[in-house]
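So you can see what is in the structure, the chains are spelled out below.
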Amino acid sequence: MAERVLAEVAASVARLRAAGVTPALATVLVGDDDASAGYIRIKQRQAAELGFASPHVHLPASASQADLHAVVADFNADRGVHGVLVQHPIPVGLDYDRALAEVDPDKDVDGMHPVNMGRLALGLPGPLPCTPAGIEALLAFHQVPVAGREVVILGRGATLGRPLALLLAQKRPTANAAVTVVHTGVADWPRYTRRAEILVAAAGVPGIVRPEHVRPGAVVVGGGVRYEGRRLLPDVDESCARVAGAITPRVGGVGPTTVAMLFRNAVEAARRQSGVG
Ligand SMILES: NC(=O)c1ccc[n+]([C@@H]2O[C@H](COP(=O)([O-])OP(=O)(O)OC[C@H]3O[C@@H](n4cnc5c(N)ncnc54)[C@H](OP(=O)(O)O)[C@@H]3O)[C@@H](O)[C@H]2O)c1
């Protein structure tokens, strides 16, 4: 699914370039966190492969909130830049949410700006949060019926559970589900997950979802992960594959679809802002 989306993005980029517009996705990295630098490198490599320009600013860990906002303001004002991404996490002492709020909502390729979360809540068009949008697209790609079915999401975090609940409850053929969100406030959450036709793990607690929490034949989407060093620890225990009707793979599931949605948001931003395509 991710490959198909990226092929569509590359075709859109080619059309924009043929019309004289080079889509540009700007990135901002603060500090020297190895993982963050690694994510930026992956995104820049992918951007180059797809034909995007990717201007980049690397601020030192000693940068102030005002320094960060100034970089964001420059990219906002630059008509040659269509998307702006501040890599998360940023050093302790800086406020990521405040920096995100400074990004022009129409250049917010993560779809996480408060204005875009508001658009999502109101059902207005705008860039969608990448991980939830990738999960909806993944279910559609694999022809998993969602409309009218019972979806249970374990976790109500701002990046995944909460926006996914809004998305899958929307009145659209690939959504339109009966969505339930469970969290630490629902001690008996397995009661809900066991009746889910589609179960999405979005907790970030390794191994929290076990076979006894899954309805036989259910579709299980593993979104939550935690990293211990370079080791990826998913929410969904691998033994759930015995019970599930379909399940995302441990590696190569929701991660690649998230990246594909990021570039889809970026090329859409370039199309909107340039009026081409
Ligand atoms: N694969 C990807 O590309 C990708 C992209 C983005 C995010 N993620 C992953 O998705 C996960 C969720 O991220 P997020 O930022 O949306 O969430 P978050 O802010 O970390 O929140 C986690 C949610 O899980 C709930 N939870 C945690 N432990 C629980 C437990 N023992 N029982 C029941 N509920 C529990 C929390 O409940 P409370 O609200 O009650 O505390 C909270 O709602 C993370 O693991 C993140 O790494 C993956």
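How each quantity is defined
- For every chain, the first residue of the written sequence is number 1, and numbering continues from 1 along that sequence.
- Only residues with pLDDT of at least 70 are given local features in this predicted model, and only at 80 or more are side-chain atom pairs given and counted; all residues enter the totals for whole chains, interfaces and linings.
- To get the side-chain values, take all heavy atoms of the structure and skip hydrogens and water.
- Only protein atoms enter the 1 Å grid, on which a cavity is a set of points fitting a 1.4 Å probe that cannot get out and a pocket is an open set with protein on both sides within 12 Å along at least 5 of 7 lines, lining residues being those with an atom within 4 Å of a point.
- Grid points are joined across faces, edges and corners, and a volume is the space filled by probe spheres set on the points.
- Put simply, DSSP marks the helices as runs of H or I at least four residues long and the strands as runs of E at least two long, and each gets a number from the N terminus on.
- Ten residue types, Ala, Val, Leu, Ile, Met, Phe, Trp, Tyr, Cys and Pro, are classed as nonpolar, four, Asp, Glu, Lys and Arg, as charged, and the remainder, Gly among them, as polar.
- Categorising residues by exposure relies on relative accessible area from a 1.4 Å probe, with only protein chains included: less than 20% of the type maximum marks a residue as buried, more than 50% marks it as exposed, and the intermediate range marks it as partly exposed.
- Between any two strands, pairing holds if DSSP finds at least two bridges.
- Orient the strands so they point away from the viewer, and a crossover whose first-strand-to-second-strand path over the helix runs clockwise is right-handed.
- If a single non-hydrogen atom of a residue is within 4 Å of a molecule or strand, that residue counts as near it.
- Here a polar contact is taken to be a pair of N or O atoms separated by no more than 3.5 Å, where protein atoms must pair a possible hydrogen donor with a possible acceptor and residues adjacent in sequence count only if both atoms sit in side chains.
- What sets the accessible areas is the Shrake-Rupley method with a 1.4 Å probe; for residues, cover comes only from the shown protein chains.

1. What to know about empty space enclosed by the protein
Within this structure, the stated rule accounts for one cavity of 30 Å³ or more. Considered as a void within the structure, the largest cavity measures approximately 40 Å³ in volume. Along the walls of the largest cavity sit Val-84, Leu-85, Val-86, Tyr-96, Leu-100, Val-103, Asp-108 and Asp-110, which together make up its complete lining. Only β3 (83–86) and α4 (96–102) provide two or more residues apiece to the lining of the largest cavity. The dominant element in the lining of the largest cavity, judged by the number of residues it contributes, is β3, at three residues. Residue classes in the lining of the largest cavity are distributed as six nonpolar, no polar and two charged.

2. Side note on the layout of surface pockets
One number sums up the size of the second largest pocket: a volume of about 250 Å³. Along the wall of the second largest pocket there are 18 residues; nearest its centre are Leu-138, His-142, Ile-247, Thr-248 and Pro-249. Looking at the lining of the second largest pocket, the elements with two or more residues in it are α1 (2–18), α6 (130–141), β7 (219–222), β10 (246–247) and α9 (254–274). No other element matches β7, which puts three residues into the lining of the second largest pocket. Grouping the constituent residues of the lining of the second largest pocket by class yields 12 nonpolar, five polar and one charged.

3. Things to note about the pairing of strand β4 (residues 150–154)
Within β4, four of the five residues are buried, which leaves it mostly tucked inside the rest of the structure. With five bridges connecting them, β4 and strand β5 (residues 178–182) associate as parallel partners. The residue bridging Val-151 from the neighbouring strand is Val-179, located in β5. For the segment spanning β4, helix α7 (residues 161–168) and β5, crossover handedness is right-handed. Note that β4 and strand β6 (residues 198–201) share four bridges and pair parallel. Looking across to β6, one finds that Val-151 is bridged to Ile-198.

4. Focus: the site of the ligand
Around the ligand, 23 residues are found, and the nearest of them are Arg-156, Thr-159, Leu-160, Thr-184 and Val-225. For the ligand, an oxygen atom lies 2.9 Å from a polar atom in the backbone of Leu-160. Gly-204 is positioned with one of its backbone polar atoms (N or O) 3.5 Å from an oxygen atom of the ligand. Here the ligand loses 68% of its free accessible area of 930 Å² to cover by the protein chains. With three residues, α9 is the largest single contributor of residues to the shell around the ligand. Looking at side-chain class alone, the shell around the ligand contains 10 nonpolar, 12 polar and one charged residues.

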